[in-house]
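Tertiary structure, described
Listed below are the residues making up each chain.
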Amino acid sequence: MSAVPEMAHPAQAERPIAVRVAGVDKTYRTKRGEVTALSALSLTVADGEFVTVVGPSGCGKSTILKIIAGLMPPSQGSVEVFGEPVTEPRSDAGMVFQSPRLLKWRNVLDNVLLPIEILGLQRAKYTETALALLKLAGVDDFAKMRPGELSGGMQQRVAICRALVHDPRLLLMDEPFGALDALSRDIMNVELMKIWEERRKTTVLITHSIQEAIFLADRVLVMGGRPGTIVAEVPVDLPRPRHPSVRSTAAFQRLSTRIHALLGVDYA
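Residues numbered from 1 in each chain as written. Predicted model: local features only at pLDDT ≥ 70, side-chain atom pairs only at ≥ 80, totals over all residues. Heavy atoms only, no water.

As for the nonpolar core
How we decide: Buried Ala, Val, Leu, Ile, Met, Phe, Trp, Tyr and Cys residues that are joined via side-chain atoms within 4.5 Å together make up what is termed a nonpolar core. Exposed residues in this analysis have more than 50% of their type's maximum accessible area, buried residues have under 20%, and partly exposed residues fall in between, with area computed by a 1.4 Å probe over protein chains only. In this description a helix means any DSSP run of H or I spanning at least four residues, a strand means any run of E spanning at least two, and both kinds are numbered starting from the N terminus. Contacts are assigned to residue pairs with any non-hydrogen atoms lying within 4.5 Å of each other.
Grouped together as the largest cluster of nonpolar side chains are 52 residues, with contacts concentrated most on Leu134, Ile160, Ile214 and Val220. With seven residues, the single largest contributor to this core is helix 6 (residues 152–164). Setting aside chain neighbours within four positions, we find Val220 in contact with Thr52, Val54, Ala213, Ile214, Ala232, Glu233, Val234, Val236 and Ile259. Among the nonpolar cores identified, the runner-up in size contains 32 residues, and Ala18, Val19, Leu38 and Cys59 belong to it.

A short note on helix 7 (residues 182–199)
Selection rule: One fewer than the residue count of a helix, multiplied by 1.5 Å, yields its expected span.
For helix 7, built from 18 residues, the straight-helix expectation of 26 Å at 1.5 Å per residue is met to within 8% by its first-to-last C-alpha distance of 26 Å. Listing the buried residues of helix 7 in full gives Arg185, Met188, Asn189, Glu191, Leu192, Met193, Ile195 and Trp196. Those residues of helix 7 that are buried are in contact with strand 3 (50–54), helix 5 (123–136), helix 6, strand 7 (170–174), strand 8 (202–206) and helix 8 (210–216).

What to know about the sheet that holds strand 5 (residues 84–85)
What counts is decided by this rule: At least two DSSP bridges between two strands are required for those strands to pair. Under this scheme, a helix contributes an axis fitted over its contacting stretch, all axes are lines through C-alpha atoms, and angles between N-to-C directions fall in the 0 to 180 degree range.
Pairing within the open sheet is antiparallel, and its four strands lie in the order 2-1-4-5. Looking along the sheet, the strands with just one partner apiece sit at the ends: strand 2 (33–46) and strand 5. The pairing of strand 4 (residues 76–81) with strand 5 spans two bridges and is antiparallel. For Val81, the partnering residue across the bridge sits in strand 5 and is Glu84. The strands touched by helix 2 (residues 61–69) are strand 1 (17–30), strand 2 and strand 4; relative to strand 1, the strand with the most contacts, the crossing angle is about 120°.

Things to note about the packing of aromatic side chains
The description of an aromatic ring pair uses the distance of the two centres, along with the angle that the planes make with each other. Counted only if it meets this: Only Phe, Tyr and Trp rings take part, Trp by its six-membered ring, and two of them pair if their centres are within 6.5 Å. Stacked means planes under 30 degrees apart, edge-to-face means over 60, and tilted covers everything else. Charge-over-ring contacts are defined here by two conditions on Lys NZ or Arg CZ: a distance within 6 Å of the ring centre and an angle within 35 degrees of the ring normal.
Summed over the entire model, instances satisfying the criterion amount to one aromatic pair. For the pair Phe50 and Trp196, a centre-to-centre distance of 5.8 Å together with 70° between the ring planes defines the contact as edge-to-face. Placement of the pair is Phe50 in strand 3 and Trp196 in helix 7, with a sequence separation of 146 residues. There is no split in this pair, since Phe50 and Trp196 are both buried. Its guanidinium or amino end placed over the ring of Phe215, Arg247 lies 4.4 Å from that ring's centre, counting from NZ or CZ.

Digging into the sheet that holds strand 7
Reading across the sheet, the six strands line up as 6-7-8-3-9-10 and stay open at both edges, with mixed pairing between neighbours. Pairing within the sheet leaves two strands with one partner each, and these edge strands are strand 6 (93–96) and strand 10 (230–235). The average angle at which neighbouring strand axes cross in this sheet is 15°, direction not considered. Contacting strand 6 and strand 7, helix 6 runs over the sheet at an angle of about 165° to strand 6.

As structure tokens, then:
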């Protein structure tokens, strides 16, 4: 597949660009030689937009997220977030990983407030924010409990609250629900949708689940095999807020079929 040119989705065109990735390559040096993870990858995300990224395993999905976050530099190309070149980790970005990565010796509230301590902000000013996020995520009753007392899904809700507590402008999520069972994953999709509707953060979410990608996104970006690049973008023109029942609609199924085809999946 060849890369497609950048196109502005109507909802995107009305808003300023929050993330701009231009011609990014990423090459890793290994004992067996160089491995090119990304090649000439370009994308944009509008301010307040929810974009999901799907693609085959090993295509560099997590790599591009880490580059946007400033956790690793590109080998070539440029990345801008809110008009500024990304040269180091950004304090205005929150990141959620597949594993919640909560500190087992701290209670839920203290885990959520960890970024406040790391950034040198005043804890007292953000405690109310942390509690409000926990309430929004439906885990405020567990604020004084340790992570080991919570289910995997509840721990991931806490991780999302932690990523949002310092009010970042950008939320980056790397397979945040990949380790959950199907029912917990569906529940978390709805919870994340609720949080996003409330906060409207610019969000980029990596996932292997096409249904999850469609359910959450304004646009789905489809990556090809390694070296990864964007081969297509699929606008998701489903009304918000979305109920899980939208997955059974003909419009949803058409989107799913199109993305499966772009990924080369044939059920015939």
